[in-house]
Amino acid sequence: MPRPYGNLQLLILLAIVKFNICKSVSIGRTTMQKHKILAIDDEQAVIDTIKEALIYEDYEIISANDGEQGLQLYSIHQPILVILDLKMPKMTGLEFLERLKLTPLDPGIIVLTGHGSSDEIEKCFNNGINAFMKKPFNFYELVGLVRNIISLKSAMLLLHNQKLKSLGMITAGIAHDFNNILMGIMGYIELAMYDCPANSSIRHNLENALTNTKRAADLTKQILTYTGNRKSIVTALNLNQFVTENTQILKSSISQKSVLNFNLSSNLPNIMADMSQIQEVLINLTINAAEAIGEDTGTITIRTGVQTCDDAYLKSCCLDEKPSPGLFVYLEVSDTGCGMDQETQKLIFDPFFTTKFIGRGLGMSAIYGIIKGHKGAICIDSAINIGTTIRILFPVSNNSASGDT
Ligand SMILES: Nc1ncnc2c1ncn2[C@@H]1O[C@H](COP(=O)(O)OP(=O)(O)OP(=O)(O)O)[C@@H](O)[C@H]1O
Ligand SMILES: [Mg+2]
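Residues numbered from 1 in each chain as written. Chains lettered and ligands numbered in written order. Predicted model: local features only at pLDDT ≥ 70, side-chain atom pairs only at ≥ 80, totals over all residues.

A.B. asks: Before we move on, can you summarise the overall build of the protein with the specific residues and values?
C.D. replies: The helix and strand tally for the protein stands at 13 helices and 12 strands. Within the protein, the proportion of its 405 residues that are buried is 31%. Partitioning the intrachain contacts of the protein with sequence separation of at least 6 by distance along the chain shows that 74% fall at a separation of at least 24. (Helix = DSSP H or I, 4+ residues; strand = E, 2+ residues; numbered from the N terminus. Buried ≥ 20, exposed ≤ 12 C-beta atoms within 10 Å, placed from the backbone. Contact = placed C-beta atoms within 7 Å.)

The following block contains the structure:
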């Protein structure tokens, strides 16, 4: 494709604009990370041209030659912008967009096509794309569009993160004060119980009041965990021993139709963890597994093991802040239950997201907060009607000497 300007002119122009744009684009990411752009086109020549047009920009460009591969790279890399072709083998651009179900906080999309009909383009806009360009495209138009969309998305994400942060602070403050009030109420109930004869109906009512107040206190604890404001007591913990000690609690939390299996790997290094928080993780995962099996018969398997994780594997995990690659100890709960579709998997860590009538939707969000606090990672593998495997990875620290016998 001919370039409309000479290389030197292009370099000077881009250097000037880049200085201004970089300031706004760098918001919403750490200074070390480049914004990622995913280019999806079955013609390698088009991808090469996109790379050439953006050569002086500070972006990391990832490419895919069909929609299916694009979708995989999209979930691994979480780009801020996708440049998408419409006519592609395996999965068209439109199918790709329909699978993503974009929201305003998702990446920006520029559709780049040579033959798209106006009907198709209208459908693309209805599916949330930001801009459309016809091939062959002008380098400067593409650069300008890319910069504008990235700075818009960065600003939106920054605003959203700030809002979440403020909301987290308000929620943690309320939960903390509320918890203190509940402690007072529980104290007074216990005092009142002393003055009641053992078999009086007042004592029975007070016991019920105490149980419900404890439940409310547990709820505030979960909120504090999610917002990262719960105090933790970190000690060296051997997961095998810990799982074995909790077998009885786990068995009593699941229905009799589910079979509980253990597959605990020997020579497991210790992890540095808060025992009560890890118990919460294990119980929540096991209850979810049992609830996914429901009234049917099924199997829940709890596994432990050691795994070396590289960057690519950790990128596929669910936590926003990925731990550094290295050696991890894992705790995994898998079930043969109903499984989850992609849409549900995206939402399970959102506080109050639930698909259960009686559920509260706080279990997985508490797990998220706990694992974030332990600098670990969460990997989910789930398929409808087949089951779910949730693997929690804990970094092996230098002072976590082997605790296995
Ligand atoms: N093992 C699983 N199999 C299938 N779906 C699951 C599994 N684990 C979690 N989910 C889905 O994620 C949702 C959120 O889970 P989460 O534990 O946060 O809340 P909940 O179980 O609905 O309520 P609770 O607050 O009582 O735990 C569930 O409602 C369910 O749809
Ligand atoms: Mg749950």
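Alright, that's what it looks like, and here's the rest.
A.B. asks: Quick rundown of the sheet that holds strand 5 (residues 131-134)? Include the residues and the values.
C.D. replies: What the five strands build is an open sheet, ordered 2-1-3-4-5; its pairing is parallel. Two strands bound the open sheet, and with one partner strand each, they are strand 2 (59-64) and strand 5. If you compare each strand with its neighbour and ignore which way they point, the axes differ by 20 degrees on average. (Pairing = 2+ DSSP bridges. Axes fitted to C-alpha atoms, helices over the stretch in contact; angles between N-to-C directions.)

A.B. asks: Lay out helix 10 (residues 275-293) in plain terms, naming residues and giving numbers.
C.D. replies: For helix 10, which comprises 19 residues, the first-to-last C-alpha distance of 27 Å matches the rise-based estimate of 27 Å (1.5 Å per residue) to within 8%. Phi turns positive one or two residues past the end of helix 10, at glycine 294, with a value near 65 degrees. (Expected span 1.5 Å × (residues − 1).)

A.B. asks: Help me get a handle on the sheet that holds strand 9 (residues 298-309), residues and values and all.
C.D. replies: The sheet built from five strands is open, its strands ordered 7-9-10-12-11 with mixed pairing. Edge strands, defined here as strands with exactly one partner in the open sheet, are strand 7 (258-264) and strand 11 (377-383). Neighbour-to-neighbour, the strand axes of the sheet open up by a mean angle of 15 degrees, direction not taken into account. Judged from the seven bridges that link them, strand 7 and strand 9 form a sheet pairing that is parallel. By the bridge assignment, asparagine 261 is partnered in strand 9 with threonine 301. Its contacts with the sheet put helix 10 on strand 7, strand 9, strand 10 (326-335) and strand 12 (387-395), and the angle it makes with strand 10 is roughly 35 degrees.

A.B. asks: An account of the environment of phenylalanine 353 is requested, with residue identities and associated values reported.
C.D. replies: Mapped onto the elements of the fold, phenylalanine 353 is located in the loop between helix 12 (342-347) and helix 13 (363-373). Along the backbone, phenylalanine 353 and methionine 364 are 11 residues apart, and their C-alpha atoms lie at a distance of 9.0 Å.

A.B. asks: So what's going on with the packing of helix 7 (residues 201-226) against helix 13? Which residues, and what values?
C.D. replies: In a packed pair of helices, the relevant descriptors are the angle between the two axes and the axis-to-axis distance. The contact between helix 7 and helix 13 brings their axes to 7 Å, and the two run at 50 degrees. Judged on the interaxial angle alone, helix 13 and helix 7 are oblique. Read as a crossing pair, helix 7 and helix 13 show a hand that is left-handed. Touching Gln222, Thr225 and Tyr226 of helix 7 are Ser365, Ala366, Tyr368, Gly369 and Ile370, all from helix 13. Residue composition of the contact of helix 7 with helix 13, grouped by class: four nonpolar, four polar and no charged. (Parallel < 35°, antiparallel > 145°, perpendicular 65-115°, else oblique. Left-handed = near helix turned anticlockwise from the far one by under 90°. Nonpolar A, V, L, I, M, F, W, Y, C, P; charged D, E, K, R; others polar.)

A.B. asks: Got a sec to walk through the nonpolar core? Specific residues and values, please.
C.D. replies: Membership of the largest hydrophobic core comes to 39 residues, with the highest contact counts inside it found for Val329 and Ile392. Only helix 7, strand 8 (271-274), helix 10, strand 9, strand 10, helix 13, strand 11 and strand 12 provide two or more residues apiece to this core. Among the elements that make up this core, the one with the highest residue count is helix 10 (eight residues). Residue assignment places this core across two domains, with domain 2 (165-226) and domain 3 (234-395) each supplying three or more. If near-sequence neighbours (up to four positions away) are discounted, valine 329 is found in contact with Leu239, Leu268, Pro269, Ile271, Val306, Phe394 and Val396. (Core = buried A, V, L, I, M, F, W, Y, C linked by C-beta atoms within 7 Å. Domains from an automatic or database assignment.)

A.B. asks: How would you sum up helix 3 (residues 67-77)? Please name residues and give values.
C.D. replies: Along helix 3, the residues classified as buried are Gly67, Gly70, Leu71 and Tyr74. Buried residues of helix 3, seen end-on, are gathered within an arc of 100 degrees and therefore sit on one face of the element. On the buried face of helix 3, the contacting elements are strand 1 (35-40), strand 2, strand 3 (81-85) and helix 4 (93-100). Note on helix 3: the residue one or two positions beyond its end, glutamine 78, has a positive phi of about 45 degrees. (Arc of directions from axis to C-beta.)

A.B. asks: Break down the packing of helix 6 (residues 139-194) against helix 7 for me, with residues and values.
C.D. replies: For the pair helix 6 and helix 7, interaxial distance at closest approach is 9 Å and the crossing angle is 160 degrees. Classed by the angle they form, the pair helix 6 and helix 7 counts as roughly antiparallel. Crossing handedness for the pair helix 6 and helix 7: left-handed. Tallied by class, the residues present in the contact of helix 6 with helix 7 amount to 16 nonpolar, five polar and two charged.

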